[in-house]
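# Remarks on the overall topology
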Amino acid sequence: MPLWSGRVGAALDPAVWELLRANDAELLPYDCEATAEHAARLHGAGLLEAGELADAEERLAEIAQDPSAILADDEDVHSAIERLLGPVGRKIHAGRSRNDQVAAALRLYVRDACAEAREEIDALALVTLSFAEAEADTLMPGYTHLQRGQPVTLGHHLLAWVEMLDRDRTRFAAASDAAAASPLGAGALAGSTLGLDPPVGQMRNSIDAVADRDFALDYLYAAAMLAQHLSRIGEEVVLWSTSEFGFLRLPENASTGSSMMPQKLNPDVAELVRGKAGTALGRLAGLLAVLKGLPLAYDRDLQEDKAPVFDARRDVRSSLRGMTVLVSGLAANRERLAVAVSDPLLLATDVAEDLVRGGIPFRDAHEQVAASVRDGSFSSGATAADSVAARGAPGPGGVRDAITAARRRFGAAR
Ligand code: ARG
């Protein structure tokens, strides 16, 4: 029986039931946690005996473990918990509504998902740092417009991946902070007369408390940004592992074959994370659209917040874990990188800067070097190794310093 069956006489049409039912079993442990907190507040107000509280706590700990106990005729996880609690379940909804309950549970869920994301980001960053360390001296062309620009080291390029991940950690931390407030006590929208003590971190406004889903959007934004970063990393792995580039060799434990062409080794992990970025930004745009124009306080439209958040968490986890395996197994093809970086034109900017040091205005130097490139007379006495060393950060010393600093940041995150 729905929680509101006292009001609605006729049995609901099955088609309506199918529309109403929330697919929210993933909230179970978080809702149990929020429900236990509510039970303690009821006890504090003298509305639940000590024995009833102990019973509720014990049962909630069990209920949290077993999503299979949720039945097809439970409208949502909240209804299931109330039913599974037995007699004390009939008391436990005093002073609350599913509106503050679901907001509380989803906030706990998002906090946990953010903590998980940060751990998985750290793991990917650490394997990327190891790869960067191994390739701190490996010269390669750096690109703009996907055209060869100036020499860098592979280590320096890999450190750019780490910087993206570093910002992702910050964004998940911010989403976690946004989720940290407590909507408990807001009830349906306006509190209750029961005199419960406010929860720790209670939100200031009861209407906002049940209407706010900013924290879910912050999470989806952090997930979309991460996916966008992983898609760019993925694209570089795809590109650099082609025969045409040949800069990277794919690990067999993170590559696929072709069902027809026996020779193929395919970068499906990198392609999947590249593709998932599209889905991730769709989830963010989708929930923004659900919330747009929605009157305060609670509306059932808000039930639509669950699927994108749950799905984002699954993709964040699987993408980061897959990429961690992929990146930890990537091997640089140093011969191909050496051939690519031996292109003398990569040193054109250095030659122009030499002229600047000799007192020539940069635009004149640029034109002079460009003319030598056009007529085929360009030459430089320097090497790519000289070039990266002279620029500092992209060179081996700069890379090693940056790795040490980054290890400290990612290590400190634990
Ligand atoms: N399953 C609902 C949701 O996800 C819970 C809140 C229902 N509240 C209500 N007033 N019908 O939003």
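Figured I'd write up the structure that's included with this text. Since the model is a prediction, treat every value here as computed from it, not as a measurement.

Time to look at the overall build of the chain. Helix and strand counts for the chain come out as 16 helices and four strands. Seen through its principal axes, the chain has C-alpha atoms that stretch 90 × 55 × 40 Å. Counting only residues that meet the buried cut, the chain has 46% of its 414 residues in that class. For the chain, the share of sequence-separated contacts (at least 6 apart) that also reach a separation of at least 24 residues comes to 77%. Surface accessibility of the chain: about 20100 Å² in total, with carbon and sulfur atoms responsible for 54%. The centroid of the 42 positive side-chain charges in the chain is displaced by 2 Å from the centroid of its 59 negative side-chain charges.

Where helix α2 (residues 28-44) meets helix α6 (residues 98-134), the closest approach of the two axes is 8 Å, and the angle between their N-to-C directions is 120°. It follows from the interaxial angle that α2 and α6 lie oblique. Handedness of the α2/α6 crossing: right-handed. Taken together, the residues of α6 that come into contact with α2 (itself represented by Tyr30, Asp31, Glu33, Ala34 and Thr35) are Gln101, Ala104, Ala105, Leu108, Tyr109 and Asp112.

Attention now moves to the packing of aromatic side chains. Summed over all chains, the structure comprises six aromatic pairs. When the centroid spacing of 5.1 Å and the interplanar angle of 70° are considered together, the rings of Tyr30 and Tyr109 count as edge-to-face. With Tyr30 in helix α2 and Tyr109 in helix α6, this pair connects stretches of sequence that are 79 residues apart. Residue class for Tyr109 comes out buried when judged on its relative accessible area of 1%.

A word on the site of the ligand. In the neighbourhood of the ligand, the contacting residues comprise Ala22, Asp76, His78, Arg98, Asn99, Val102, Tyr298, Arg300, Gln303 and Lys306. Between Asn99 and the ligand, the recorded distance is 2.9 Å, taken from a side-chain N or O atom to a nitrogen atom. The contact in question runs from a nitrogen atom of the ligand to an N or O atom on the side chain of Gln303, over 2.8 Å. Protein contacts shield 87% of the accessible area of the ligand, which totals 340 Å² for the unbound molecule.

A few words on the pattern of salt bridges. Summed over all chains, the structure comprises 29 salt bridges. Across the pair Arg317 and Glu116 runs a salt bridge whose closest N-O atoms are separated by 3.1 Å. Of this pair, Arg317 sits in helix α11 (residues 306-329) while Glu116 sits in helix α6, and the two are 201 residues apart along the sequence. Glu116 sits in the buried class, given a relative accessible area of 19%. With its nearest N and O atoms 2.6 Å apart, the salt bridge here joins Arg213 to Asp305. With Arg213 in the loop between α8 (206-211) and α9 (214-240) and Asp305 in the loop between α10 (268-291) and α11, the pair connects residues that are 92 residues apart, well separated along the chain.

Glancing now at the pairing of strand β1 (residues 139-144). Note: β1 against strand β2 (residues 147-153), five bridges, orientation antiparallel. Directly across from Tyr143, in β2, lies its bridge partner Arg148. Here β1 folds back onto β2 in antiparallel fashion, the turn holding two residues, of which His145 has a positive phi close to 55°.

Attention shifts here to a nonpolar patch on the surface. A cluster of nonpolar side chains, Leu189, Ile207 and Leu296, forms an exposed patch at the surface whose accessible area comes to about 280 Å². By relative accessible area, Ile207 is classed as partly exposed at 35%.

As a further point, take the side chain of Glu75. The residue Glu75 is located in the loop between α3 (50-63) and α4 (77-84) in this model. Residue class for Glu75 comes out buried when judged on its relative accessible area of 2%. In this structure the side chain of Glu75 is engaged in a polar contact, spanning 3.1 Å, whose partner is the side chain of Arg98. A polar side-chain atom of Glu75 sits 3.0 Å from a polar atom in the side chain of Arg300. With residues up to four places along the chain from it excluded, the contact list for Glu75 reads Pro2, Trp4, Trp17, Leu20, Arg21, Ala22, Arg98 and Arg300.

What follows deals with helix α15 (residues 384-391). Buried within α15 we find Ala384, Ser387 and Val388. For α15, the arc enclosing every buried residue in end-on projection is 90°, short of the 170-degree limit, so these residues lie on one face. Turned more than 90 degrees off the buried face of α15, the exposed positions are Ala389 and Ala390. A positive phi of about 85° marks Gly392, the residue just after α15.

We now examine the environment of Leu3. Note that Leu3 resides in the segment before α1 (14-20). If sequence neighbours within four positions are ignored, Leu3 has contacts with Ser79, Glu82 and Arg98.

Once that is clear, we can look at unusual backbone geometry. Here Leu296 and Ala297 are connected by a cis peptide whose omega angle stands at 5°. Relative to the elements of secondary structure, Ala297 occurs in the loop between α10 and α11. One non-glycine residue with positive phi stands out, namely His145, at about 55°. In this structure, His145 sits in the loop between β1 and β2. Taking the relative accessible area as the measure of exposure, His145 reaches 75% and is therefore exposed. The phi torsion at Leu146 lies on the positive side, around 60°, for a residue other than glycine. Of note, Leu146 is situated in the loop between β1 and β2. Assessed through its relative accessible area of 52%, Leu146 is described here as exposed.

Rules of the game
- Residues numbered from 1 in each chain as written.
- Predicted model: local features only at pLDDT ≥ 70, side-chain atom pairs only at ≥ 80, totals over all residues.
- Heavy atoms only, no water.
- Helix = DSSP H or I, 4+ residues; strand = E, 2+ residues; numbered from the N terminus.
- Buried < 20%, exposed > 50% of the residue type's maximum accessible area, 1.4 Å probe, protein only.
- Contact = heavy atoms within 4.5 Å.
- Areas by Shrake-Rupley, 256 points an atom, 1.4 Å probe, with all protein chains shown as cover.
- Lys, Arg positive; Asp, Glu negative; His and termini not counted.
- Charge placed at Lys NZ, Arg CZ, Asp CG, Glu CD.
- Axes fitted to C-alpha atoms, helices over the stretch in contact; angles between N-to-C directions.
- Parallel < 35°, antiparallel > 145°, perpendicular 65-115°, else oblique.
- Left-handed = near helix turned anticlockwise from the far one by under 90°.
- Phe/Tyr/Trp six-rings, centres within 6.5 Å; stacked < 30°, edge-to-face > 60°.
- Near = heavy atom within 4 Å.
- Polar contact = N/O pair within 3.5 Å; in protein donor to acceptor, adjacent residues only side chain to side chain.
- Salt bridge = Lys/Arg side-chain N within 4 Å of Asp/Glu carboxyl O.
- Pairing = 2+ DSSP bridges.
- Patch = residues over 30% accessible without salt bridge, like charges linked within 9 Å, V, L, I, M, F, W, Y side chains within 5 Å.
- Arc of directions from axis to C-beta.

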